[in-house]
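# Chains, contacts and geometry: an overview
Chain by chain, the residues run as shown.
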Amino acid sequence: MKHIVKILSLLLAVSAFWIGLLQAAIIHPGYNTWLLPIYFVVSLGCYGLLMVGLGLMQFPTCPQEALLLQHDIAEAKDFFKHKGVDVGSD
Amino acid sequence: MAEEKERKGDGKHKYSIIVPTYNERLNIALIVYLIFKHLRDVDFEIIVVDDGSPDGTQEIVKQLQHLYGEDRILLRARAKKLGLGTAYIHGLKHATGDFVVIMDADLSHHPKYLPSFIKKQLETNASIVTGTRYVKGGGVHGWNLMRKLTSRGANVLAQTLLWPGVSDLTGSFRLYKKSVLEDVISSCVSKGYVFQMEMIVRATRKGYHIEEVPITFVDRVFGTSKLGGSEIVEYLKGLGYLLLTT
(Lines give C-alpha, C1' and ligand atoms only; values in the text may rest on other atoms or scores of the structure.)
Protein backbone atom coordinates (compact mmCIF):
# COMPACT_ATOMS: atom_id res chain seq x y z
CA MET A 1 0.00 0.00 0.00
CA LYS A 2 1.33 3.42 -0.88
CA HIS A 3 2.21 5.63 2.08
CA ILE A 4 -0.21 8.39 1.08
CA VAL A 5 -3.04 5.86 1.11
CA LYS A 6 -2.06 4.89 4.65
CA ILE A 7 -2.12 8.52 5.80
CA LEU A 8 -5.42 9.29 4.07
CA SER A 9 -7.01 6.18 5.57
CA LEU A 10 -5.85 7.29 9.00
CA LEU A 11 -7.34 10.77 8.48
CA LEU A 12 -10.53 9.20 7.19
CA ALA A 13 -10.80 6.94 10.24
CA VAL A 14 -10.28 9.84 12.62
CA SER A 15 -12.84 11.98 10.73
CA ALA A 16 -15.35 9.13 10.74
CA PHE A 17 -14.85 8.73 14.47
CA TRP A 18 -15.38 12.46 15.02
CA ILE A 19 -18.51 12.53 12.82
CA GLY A 20 -19.77 9.45 14.65
CA LEU A 21 -19.45 11.24 17.95
CA LEU A 22 -21.38 14.22 16.51
CA GLN A 23 -24.10 11.99 15.12
CA ALA A 24 -24.56 10.15 18.38
CA ALA A 25 -24.95 13.54 20.05
CA ILE A 26 -22.14 12.70 22.45
CA ILE A 27 -20.57 15.92 21.27
CA HIS A 28 -23.16 18.61 20.63
CA PRO A 29 -22.87 20.12 17.12
CA GLY A 30 -22.54 23.80 16.55
CA TYR A 31 -19.72 25.60 18.23
CA ASN A 32 -17.83 22.45 19.15
CA THR A 33 -17.96 20.83 15.72
CA TRP A 34 -14.94 22.60 14.41
CA LEU A 35 -13.31 23.60 17.66
CA LEU A 36 -11.59 20.33 18.50
CA PRO A 37 -10.38 19.57 14.96
CA ILE A 38 -8.88 23.06 14.80
CA TYR A 39 -7.25 22.59 18.20
CA PHE A 40 -5.87 19.28 16.94
CA VAL A 41 -4.33 20.80 13.81
CA VAL A 42 -2.89 23.74 15.73
CA SER A 43 -1.35 21.51 18.40
CA LEU A 44 0.14 19.33 15.65
CA GLY A 45 1.75 22.46 14.22
CA CYS A 46 3.02 23.49 17.66
CA TYR A 47 4.41 20.01 18.22
CA GLY A 48 6.26 20.27 14.91
CA LEU A 49 7.75 23.64 15.85
CA LEU A 50 8.73 22.25 19.24
CA MET A 51 10.53 19.32 17.62
CA VAL A 52 12.39 21.69 15.30
CA GLY A 53 13.40 23.93 18.21
CA LEU A 54 14.49 21.06 20.43
CA GLY A 55 16.40 19.47 17.60
CA LEU A 56 18.14 22.73 16.87
CA MET A 57 19.18 23.14 20.51
CA GLN A 58 20.47 19.59 20.70
CA PHE A 59 22.03 19.61 17.23
CA PRO A 60 25.15 17.50 17.59
CA THR A 61 28.32 19.28 16.54
CA CYS A 62 31.88 18.02 16.32
CA PRO A 63 34.44 20.83 16.10
CA GLN A 64 37.21 18.45 17.10
CA GLU A 65 36.56 16.42 13.95
CA ALA A 66 37.75 19.26 11.75
CA LEU A 67 41.04 19.23 13.63
CA LEU A 68 41.39 15.46 13.39
CA LEU A 69 40.69 15.70 9.69
CA GLN A 70 43.52 18.20 9.27
CA HIS A 71 45.87 15.73 10.97
CA ASP A 72 44.71 12.94 8.70
CA ILE A 73 45.22 15.11 5.64
CA ALA A 74 48.75 16.03 6.75
CA GLU A 75 49.55 12.37 7.42
CA ALA A 76 48.25 11.31 4.01
CA LYS A 77 50.10 14.08 2.17
CA ASP A 78 53.31 13.10 3.90
CA PHE A 79 52.82 9.44 2.94
CA PHE A 80 52.31 10.30 -0.71
CA LYS A 81 55.27 12.63 -0.80
CA HIS A 82 57.49 9.73 0.23
CA LYS A 83 55.90 7.45 -2.33
CA GLY A 84 56.35 9.90 -5.14
CA VAL A 85 52.67 10.50 -5.82
CA ASP A 86 52.16 14.14 -6.64
CA VAL A 87 48.96 15.20 -4.94
CA GLY A 88 49.52 18.91 -5.43
CA SER A 89 47.56 21.32 -3.30
CA ASP A 90 43.89 21.91 -2.49
CA MET B 1 26.40 -25.29 4.48
CA ALA B 2 24.65 -21.93 4.88
CA GLU B 3 25.15 -21.85 8.67
CA GLU B 4 28.87 -22.41 8.37
CA LYS B 5 29.16 -19.53 5.96
CA GLU B 6 27.38 -17.23 8.45
CA ARG B 7 29.69 -18.26 11.31
CA LYS B 8 32.85 -17.55 9.34
CA GLY B 9 32.22 -13.84 9.69
CA ASP B 10 33.86 -11.15 7.65
CA GLY B 11 36.62 -13.44 6.42
CA LYS B 12 34.26 -14.36 3.63
CA HIS B 13 32.94 -10.95 2.71
CA LYS B 14 34.19 -8.46 0.17
CA TYR B 15 33.28 -4.80 0.23
CA SER B 16 33.06 -2.76 -2.96
CA ILE B 17 33.41 0.93 -2.14
CA ILE B 18 31.96 3.14 -4.87
CA VAL B 19 33.27 6.70 -4.90
CA PRO B 20 31.85 9.02 -7.57
CA THR B 21 34.26 11.85 -8.30
CA TYR B 22 34.33 15.11 -10.17
CA ASN B 23 37.39 17.34 -9.73
CA GLU B 24 38.60 15.60 -6.60
CA ARG B 25 42.26 15.36 -7.48
CA LEU B 26 43.55 15.81 -3.96
CA ASN B 27 40.66 14.33 -2.03
CA ILE B 28 40.60 11.02 -3.87
CA ALA B 29 44.19 10.32 -2.86
CA LEU B 30 43.42 11.23 0.75
CA ILE B 31 40.33 9.06 0.78
CA VAL B 32 42.19 6.07 -0.65
CA TYR B 33 44.96 6.45 1.93
CA LEU B 34 42.44 6.62 4.77
CA ILE B 35 40.43 3.65 3.52
CA PHE B 36 43.54 1.51 3.39
CA LYS B 37 44.53 2.77 6.83
CA HIS B 38 41.22 1.87 8.48
CA LEU B 39 40.37 -1.37 6.67
CA ARG B 40 43.59 -3.30 7.16
CA ASP B 41 42.16 -6.79 7.56
CA VAL B 42 39.21 -6.43 5.26
CA ASP B 43 38.82 -7.63 1.70
CA PHE B 44 37.70 -4.62 -0.32
CA GLU B 45 37.99 -2.80 -3.60
CA ILE B 46 37.56 0.91 -4.36
CA ILE B 47 35.65 1.76 -7.50
CA VAL B 48 36.27 5.32 -8.63
CA VAL B 49 33.59 6.55 -11.01
CA ASP B 50 35.03 9.73 -12.45
CA ASP B 51 32.93 11.87 -14.76
CA GLY B 52 35.71 13.18 -16.99
CA SER B 53 37.28 15.53 -14.44
CA PRO B 54 39.39 18.20 -16.10
CA ASP B 55 41.67 18.61 -13.06
CA GLY B 56 43.62 15.37 -13.49
CA THR B 57 41.68 13.19 -11.03
CA GLN B 58 42.06 10.17 -13.29
CA GLU B 59 45.83 10.60 -13.52
CA ILE B 60 46.09 10.57 -9.76
CA VAL B 61 43.92 7.45 -9.59
CA LYS B 62 46.24 5.71 -12.06
CA GLN B 63 49.20 6.57 -9.82
CA LEU B 64 47.29 5.18 -6.83
CA GLN B 65 46.60 2.01 -8.80
CA HIS B 66 50.33 1.69 -9.38
CA LEU B 67 50.91 2.03 -5.65
CA TYR B 68 48.12 -0.12 -4.24
CA GLY B 69 47.30 -2.49 -7.09
CA GLU B 70 44.79 -2.47 -9.90
CA ASP B 71 42.76 -5.15 -8.17
CA ARG B 72 42.21 -2.90 -5.15
CA ILE B 73 41.50 0.35 -7.01
CA LEU B 74 39.28 0.23 -10.04
CA LEU B 75 38.95 3.26 -12.29
CA ARG B 76 35.66 3.09 -14.15
CA ALA B 77 35.36 6.54 -15.65
CA ARG B 78 32.69 8.14 -17.78
CA ALA B 79 32.98 10.77 -20.46
CA LYS B 80 31.16 13.57 -18.71
CA LYS B 81 29.03 14.54 -15.71
CA LEU B 82 26.10 12.17 -15.81
CA GLY B 83 24.65 12.31 -12.31
CA LEU B 84 24.99 10.46 -9.04
CA GLY B 85 22.38 7.75 -9.51
CA THR B 86 23.85 6.58 -12.80
CA ALA B 87 27.33 6.76 -11.25
CA TYR B 88 26.26 4.21 -8.64
CA ILE B 89 24.66 2.00 -11.26
CA HIS B 90 27.84 2.19 -13.34
CA GLY B 91 29.98 1.34 -10.32
CA LEU B 92 27.67 -1.51 -9.37
CA LYS B 93 28.23 -3.19 -12.73
CA HIS B 94 31.92 -3.55 -11.88
CA ALA B 95 31.52 -4.44 -8.21
CA THR B 96 32.70 -7.91 -7.28
CA GLY B 97 31.98 -7.70 -3.56
CA ASP B 98 28.87 -9.01 -1.82
CA PHE B 99 28.55 -5.67 -0.06
CA VAL B 100 28.63 -2.18 -1.54
CA VAL B 101 29.56 1.02 0.28
CA ILE B 102 28.69 4.40 -1.17
CA MET B 103 30.42 7.51 0.05
CA ASP B 104 31.33 11.03 -1.04
CA ALA B 105 34.79 11.89 -2.29
CA ASP B 106 35.13 15.28 -0.62
CA LEU B 107 36.16 13.93 2.80
CA SER B 108 32.86 14.88 4.44
CA HIS B 109 32.53 11.11 4.92
CA HIS B 110 35.50 9.86 6.88
CA PRO B 111 36.68 6.30 6.15
CA LYS B 112 37.34 5.75 9.85
CA TYR B 113 33.66 4.90 10.22
CA LEU B 114 33.84 2.03 7.74
CA PRO B 115 34.70 -0.55 10.42
CA SER B 116 31.64 0.47 12.44
CA PHE B 117 29.41 0.06 9.38
CA ILE B 118 30.83 -3.40 8.75
CA LYS B 119 30.56 -4.40 12.40
CA LYS B 120 26.95 -3.23 12.65
CA GLN B 121 25.99 -5.20 9.56
CA LEU B 122 27.66 -8.37 10.79
CA GLU B 123 26.04 -8.06 14.21
CA THR B 124 22.50 -7.45 12.94
CA ASN B 125 22.58 -8.99 9.45
CA ALA B 126 20.98 -5.78 8.23
CA SER B 127 20.36 -5.24 4.52
CA ILE B 128 21.40 -1.60 4.78
CA VAL B 129 23.51 0.28 7.30
CA THR B 130 23.19 4.03 6.97
CA GLY B 131 25.28 6.72 8.61
CA THR B 132 23.38 9.33 10.59
CA ARG B 133 24.69 12.73 11.56
CA TYR B 134 21.79 13.59 13.81
CA VAL B 135 22.19 11.28 16.79
CA LYS B 136 24.44 11.34 19.82
CA GLY B 137 27.89 10.24 18.77
CA GLY B 138 27.37 11.78 15.37
CA GLY B 139 27.47 15.41 14.39
CA VAL B 140 28.12 18.08 11.83
CA HIS B 141 30.86 20.68 11.65
CA GLY B 142 30.88 23.68 9.35
CA TRP B 143 27.19 24.61 9.37
CA ASN B 144 25.90 27.95 10.57
CA LEU B 145 22.65 28.41 12.52
CA MET B 146 20.53 28.98 9.43
CA ARG B 147 21.79 25.80 7.80
CA LYS B 148 21.13 23.79 10.95
CA LEU B 149 17.63 25.25 11.14
CA THR B 150 16.75 24.30 7.58
CA SER B 151 18.24 20.86 8.11
CA ARG B 152 16.23 20.29 11.28
CA GLY B 153 13.03 21.72 9.77
CA ALA B 154 13.42 19.58 6.68
CA ASN B 155 14.01 16.53 8.82
CA VAL B 156 10.93 17.06 11.02
CA LEU B 157 8.78 17.60 7.93
CA ALA B 158 10.10 14.47 6.27
CA GLN B 159 9.67 12.39 9.44
CA THR B 160 6.06 13.57 9.85
CA LEU B 161 5.08 12.97 6.24
CA LEU B 162 7.04 9.89 5.29
CA TRP B 163 7.72 7.85 8.47
CA PRO B 164 11.01 6.80 6.90
CA GLY B 165 12.41 4.72 9.72
CA VAL B 166 15.79 6.47 9.69
CA SER B 167 16.94 9.65 11.38
CA ASP B 168 19.09 10.98 8.52
CA LEU B 169 17.27 10.88 5.20
CA THR B 170 19.62 12.81 2.94
CA GLY B 171 22.81 11.15 4.11
CA SER B 172 24.81 9.32 1.47
CA PHE B 173 27.27 7.32 3.55
CA ARG B 174 25.78 3.84 3.40
CA LEU B 175 26.57 0.14 3.30
CA TYR B 176 24.26 -2.09 1.28
CA LYS B 177 24.05 -5.78 0.59
CA LYS B 178 24.79 -5.81 -3.12
CA SER B 179 21.52 -7.52 -4.07
CA VAL B 180 19.56 -5.00 -2.01
CA LEU B 181 21.24 -2.02 -3.67
CA GLU B 182 20.54 -3.49 -7.09
CA ASP B 183 16.90 -3.96 -6.19
CA VAL B 184 16.35 -0.51 -4.68
CA ILE B 185 18.30 1.49 -7.24
CA SER B 186 16.31 0.06 -10.12
CA SER B 187 13.14 1.67 -8.78
CA CYS B 188 14.57 5.16 -8.06
CA VAL B 189 14.25 8.02 -10.51
CA SER B 190 15.09 11.21 -8.57
CA LYS B 191 18.23 13.32 -8.86
CA GLY B 192 20.66 14.74 -6.34
CA TYR B 193 19.99 14.42 -2.66
CA VAL B 194 16.32 13.60 -3.26
CA PHE B 195 17.73 10.47 -4.86
CA GLN B 196 19.35 9.53 -1.54
CA MET B 197 16.03 10.10 0.20
CA GLU B 198 14.19 8.03 -2.36
CA MET B 199 16.64 5.14 -1.94
CA ILE B 200 16.16 4.87 1.79
CA VAL B 201 12.38 5.43 1.71
CA ARG B 202 11.89 2.79 -0.99
CA ALA B 203 14.08 0.41 1.00
CA THR B 204 11.91 1.00 4.07
CA ARG B 205 8.73 0.44 2.07
CA LYS B 206 10.10 -2.82 0.69
CA GLY B 207 10.65 -3.98 4.24
CA TYR B 208 14.44 -4.19 4.21
CA HIS B 209 16.18 -4.30 7.59
CA ILE B 210 17.94 -0.96 8.03
CA GLU B 211 20.36 -0.09 10.83
CA GLU B 212 22.05 3.21 11.65
CA VAL B 213 25.49 4.15 12.92
CA PRO B 214 26.51 7.63 14.11
CA ILE B 215 28.91 9.47 11.82
CA THR B 216 30.48 12.88 11.93
CA PHE B 217 30.27 15.09 8.89
CA VAL B 218 32.82 17.84 8.29
CA ASP B 219 31.44 20.13 5.63
CA ARG B 220 34.28 21.99 3.95
CA VAL B 221 32.27 23.12 0.95
CA PHE B 222 29.25 24.66 2.64
CA GLY B 223 30.72 28.14 2.57
CA THR B 224 30.97 28.00 -1.20
CA SER B 225 27.55 26.53 -1.93
CA LYS B 226 24.61 28.38 -0.48
CA LEU B 227 21.33 26.73 0.39
CA GLY B 228 19.02 28.91 -1.66
CA GLY B 229 15.29 29.13 -2.23
CA SER B 230 15.48 26.90 -5.28
CA GLU B 231 16.99 24.10 -3.20
CA ILE B 232 14.17 24.36 -0.69
CA VAL B 233 11.61 24.19 -3.49
CA GLU B 234 13.38 21.17 -4.95
CA TYR B 235 13.30 19.50 -1.55
CA LEU B 236 9.57 20.12 -1.06
CA LYS B 237 8.85 18.81 -4.54
CA GLY B 238 10.92 15.74 -3.71
CA LEU B 239 8.98 15.19 -0.49
CA GLY B 240 5.70 15.51 -2.33
CA TYR B 241 6.84 13.05 -4.96
CA LEU B 242 7.92 10.53 -2.31
CA LEU B 243 4.69 11.02 -0.39
CA LEU B 244 2.62 10.16 -3.43
CA THR B 245 4.67 7.43 -5.05
CA THR B 246 6.15 5.35 -2.24
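Calculation rules
Residues numbered from 1 in each chain as written. Chains lettered and ligands numbered in written order. Predicted model: local features only at pLDDT ≥ 70, side-chain atom pairs only at ≥ 80, totals over all residues. Heavy atoms only, no water. Helix = DSSP H or I, 4+ residues; strand = E, 2+ residues; numbered from the N terminus. Rg over C-alpha atoms; globule rule 2.2 N^0.38 Å. Buried < 20%, exposed > 50% of the residue type's maximum accessible area, 1.4 Å probe, protein only. Contact = heavy atoms within 4.5 Å. Buried area = accessible area lost by both parts, 1.4 Å probe. Salt bridge = Lys/Arg side-chain N within 4 Å of Asp/Glu carboxyl O. Nonpolar A, V, L, I, M, F, W, Y, C, P; charged D, E, K, R; others polar. UniProt positions renumbered as here; feature names shortened; annotations may be inferred. Pairing = 2+ DSSP bridges. Axes fitted to C-alpha atoms, helices over the stretch in contact; angles between N-to-C directions. Patch = residues over 30% accessible without salt bridge, like charges linked within 9 Å, V, L, I, M, F, W, Y side chains within 5 Å. Areas by Shrake-Rupley, 256 points an atom, 1.4 Å probe, with all protein chains shown as cover. pLDDT = per-residue confidence, 0-100. Phe/Tyr/Trp six-rings, centres within 6.5 Å; stacked < 30°, edge-to-face > 60°.

Okay, the overall build of chain B next. When you go through chain B residue by residue, the secondary structure sums to nine helices and nine strands. By the compact-globule yardstick of 18 Å for 246 residues, chain B fits well, its C-alpha radius of gyration being 18 Å. Projected onto its principal axes, the C-alpha positions of chain B cover 50 × 45 × 35 Å. Evaluated residue by residue, chain B yields a buried proportion of 54% over its 246 residues.

Residues and elements named next belong to chain B. The phi dihedral of asparagine 23 is positive, around 55°, even though this residue is not glycine. At asparagine 125, a position not held by glycine, the phi torsion is positive, near 55°. With respect to the helices, strands and loops of the structure, asparagine 125 is situated in the loop between α5 (114-124) and β5 (128-132). For asparagine 125, a relative accessible area of 39% puts it in the partly exposed group.

Moving on to the interface of chain A and chain B. Listed by partner, the interface residues are 35 residues for chain A and 43 residues for chain B. Summed over both partners, the interface of chain A with chain B comes to about 3400 Å²; 71% of that surface belongs to carbon and sulfur atoms. Contact with chain B buries surface across chain A, with His3, Phe59 and Leu69 of chain A losing the most and accounting together for 19% of the total. Counting the contacts that link chain A with chain B gives three salt bridges. By residue number, the principal contributor to the side of chain A that touches chain B is helix α3 (residues 63-83) of chain A, which donates 13 residues. For the side of chain A that touches chain B, the per-class residue count stands at 19 nonpolar, seven polar and nine charged.

The next point concerns the UniProt feature "transmembrane region" (unreviewed entry) in chain A. Taking the UniProt record as the reference, the feature "transmembrane region" (unreviewed entry) is found at residues 34-57 of chain A. For residues 34-57 of chain A, helix accounts for 100% and strand for 0%, while the C-alpha atoms at its two ends are 35 Å apart.

This part is about the sheet that holds β5 of chain B. All names here are of chain B. Spatially, β3-β2-β1-β4-β7-β5-β8 is the arrangement adopted by the seven strands of the open sheet, whose pairing is mixed. Edge positions in the open sheet fall to β3 (73-75) and β8 (210-214), since each of these has one partner strand only. Geometrically, the sheet is characterised by an average inter-axis angle of 20° between neighbouring strands, direction not taken into account. With three bridges connecting them, strand β2 (residues 43-50) and β3 associate as parallel partners. Each residue of the ladder has a partner; that of isoleucine 47, found in β3, is leucine 74. The strands touched by helix α8 (residues 192-205) are β4 (99-102), β5, β7 (174-177) and β8; relative to β7, the strand with the most contacts, the crossing angle is about 45°.

A separate point is the environment of glycine 85 of chain B. Positionally, glycine 85 of chain B belongs in helix α4 (residues 84-93). When its relative accessible area of 15% is taken as the criterion, glycine 85 of chain B is described as buried.

Here we come to a nonpolar patch on the surface. All names here are of chain A. On the surface, a nonpolar cluster with roughly 450 Å² of combined accessible area is contributed by Tyr47, Leu50, Leu54 and Met57. Within the fold, methionine 57 resides in helix α2 (residues 31-57). Methionine 57 gets classed as exposed once you look at its relative accessible area, which sits at 67%.

Of all residues in chain A, 91% attain a pLDDT of 70 or more, and the chain-wide mean is 85. When pLDDT is averaged over each element of chain A, α3 of chain A comes out on top at 91 and helix α1 (residues 3-23) of chain A at the bottom at 86.

A regular strand places its side chains so that they alternate between the two faces of the sheet. Residue and element names in this part refer to chain B. Counted residue by residue, β5 has five buried out of five residues, so it is predominantly covered. Here β5 shows no split at all, with Ile128, Thr130 and Thr132 on one side and Val129 and Gly131 on the other all buried. Looking at chain direction, β5 and β7 are connected through three bridges and run antiparallel. When the bridges of β7 are listed, threonine 130 appears paired with arginine 174. The pairing of β5 with β8 spans five bridges and is parallel. Following the sheet pairing, threonine 130 is matched in β8 by glutamate 212.

Our focus in this paragraph is the confidence of the model for chain B. Mean pLDDT over chain B: 89, with 93% of residues reaching 70 or higher. Confidence metrics for the complex model read pTM 0.87 and ipTM 0.82.

In this structure the tally under the stated criterion is 11 aromatic pairs over all chains. Aromatic side chains phenylalanine 59 of chain A and tyrosine 134 of chain B sit 5.7 Å apart centroid to centroid with 65° between the ring planes, which places their arrangement in the edge-to-face category. On the criterion of chain membership, the pair formed by phenylalanine 59 of chain A in the loop between α2 and α3 and tyrosine 134 of chain B in the loop between β5 and β6 (139-141) is interchain, its members lying in two chains. In this structure, phenylalanine 59 of chain A and tyrosine 134 of chain B share a single accessibility class: buried. One aromatic cluster in this structure is built from Phe59 of chain A together with Tyr134, Trp143 and Phe217 of chain B.

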